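Coordinate analysis (summary)
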Amino acid sequence: MARNAEKAMTTLARWRAAQVQEAGGQRERRPYLASECNDLPQAEKWRLQIVREIAKKVAQIQNAGLGEFRIRDLNDEINKLMREKRHWEVQIKALGGPDHARVGPKMLDQDGKEVPGNRGYKYFGAAKDLPGVRELFEQEPPPPARRTRADLMRDVDADYYGYRDDDDGLLLPLEKVAEKEAIARAVEEWKRNKEQNEDQNLPEEENIYPEDPDDKRIEDDEVTEKPSGTSLVAVPSQKDIEEALLRRKKQELLERYGCLDVKLESS
């Protein structure tokens, strides 16, 4: 088997050599400089050859198991071919051909994103995950914009100073309930202390605020407490208004005709 394989390879090699001799004696090589080619079809041919080589190497660099050094070498070779391709595109444009740099597609990765790079050097496939490469493309989030004093004062209104906290009608009832509970706790504590003093036969504390029986300012809560929202001014009824208007009219008539009587008597 090995002998037949060797024969086949030898036959293939002979056939290939014969084909090369028929084509021109030796295999045609791509010019080192694009400016050396003055034939537009030949320039298009060499550019297409470079594009195929780039595609082949880009497919190879997708394999992350090649190792760091091999991946770096492949990425360098791809970038070198990219530069050479740009030279051929410039030469094609100079020879009157299409502008491939303008109408050609952008270099995209397998995710459909443009290939990242810095100053013309691109990273393909697994090269983007190499140590030190990923950090180059991680952009820090921009710092938050600093707010000026005018922006801060724009949000300052009456609510900021607490001027309208009582307008909703929720705080006053809660404060009344809390006040009653605090008073009840204080009274309960005072009674408890008083009972303890009585059990220990301690002298009763002197009342420094003696109550005046004639003082009417202090009344029971049941008498003084008024429902919220009621007015303390007595509102006259319709009958009271009519009687007041009638008295005023009588007073005006008396003043008018009383003055006339005085004048007649004096004359």
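One structure accompanies this document, and this report is about it. These numbers come from a predicted model, not from an experiment.

Re the packing of aromatic side chains
Evaluated as defined, the whole model comprises one aromatic pair. Against the face of Trp46 rests Lys45, its NZ or CZ located 4.8 Å from the ring centre.

Here's the deal with helix 2 (residues 40-61)
The first and last C-alpha atoms of helix 2 sit 32 Å apart over 22 residues, in line with the 32 Å expected at 1.5 Å per residue. Among the residues of helix 2, Ala43, Trp46, Arg47, Ile50, Ile54 and Ile61 are the ones counted as buried. For helix 2, the arc enclosing every buried residue in end-on projection is 100°, short of the 170-degree limit, so these residues lie on one face. Seen from the buried face of helix 2, the exposed residues on the opposite side, beyond 90 degrees, are Pro41, Arg52, Lys56 and Ala59. Elements that come into contact with the buried residues of helix 2 comprise helix 3 (68-94) and helix 4 (100-103).

A closer look at the side chain of Arg47
Summarising the element assignment, Arg47 is placed in helix 2. The exposure class assigned to Arg47 is buried, which follows from its relative accessible area of 15%. At a separation of 3.4 Å, a polar atom in the side chain of Arg47 contacts the side chain of Glu89.

Re the nonpolar core
Ranked by size, the top nonpolar core spans 20 residues in total, and within it Ile54, Ile61, Ile71, Ile78, Trp88 and Ala127 carry the most contacts. Among the secondary structure elements, those contributing two or more residues to this core are helix 2 and helix 3. Considering every element that reaches this core, the biggest residue donor is helix 3, with seven residues. When residues no more than four places from it in sequence are discounted, the contact partners of Ile71 are Ile61, Asn63, Ala64, Leu66, Ala126, Ala127 and Leu130.

Here we look at the packing of helix 2 against helix 3
Two elements in contact, helix 2 and helix 3, have axes whose closest approach is 9 Å; the angle formed by their N-to-C orientations is 160°. One finds that helix 2 runs roughly antiparallel with respect to helix 3. Helix-helix and strand crossings are classified by hand; for helix 2 and helix 3 the assignment is left-handed. Broken down by class, the residue content of the contact of helix 2 with helix 3 amounts to 15 nonpolar, two polar and nine charged.

Parameters at a glance
Residues numbered from 1 in each chain as written. Predicted model: local features only at pLDDT ≥ 70, side-chain atom pairs only at ≥ 80, totals over all residues. Heavy atoms only, no water. Phe/Tyr/Trp six-rings, centres within 6.5 Å; stacked < 30°, edge-to-face > 60°. Lys NZ or Arg CZ within 6 Å of the ring centre and 35° of its normal. Helix = DSSP H or I, 4+ residues; strand = E, 2+ residues; numbered from the N terminus. Expected span 1.5 Å × (residues − 1). Buried < 20%, exposed > 50% of the residue type's maximum accessible area, 1.4 Å probe, protein only. Arc of directions from axis to C-beta. Contact = heavy atoms within 4.5 Å. Polar contact = N/O pair within 3.5 Å; in protein donor to acceptor, adjacent residues only side chain to side chain. Core = buried A, V, L, I, M, F, W, Y, C linked by side-chain atoms within 4.5 Å. Axes fitted to C-alpha atoms, helices over the stretch in contact; angles between N-to-C directions. Parallel < 35°, antiparallel > 145°, perpendicular 65-115°, else oblique. Left-handed = near helix turned anticlockwise from the far one by under 90°. Nonpolar A, V, L, I, M, F, W, Y, C, P; charged D, E, K, R; others polar.

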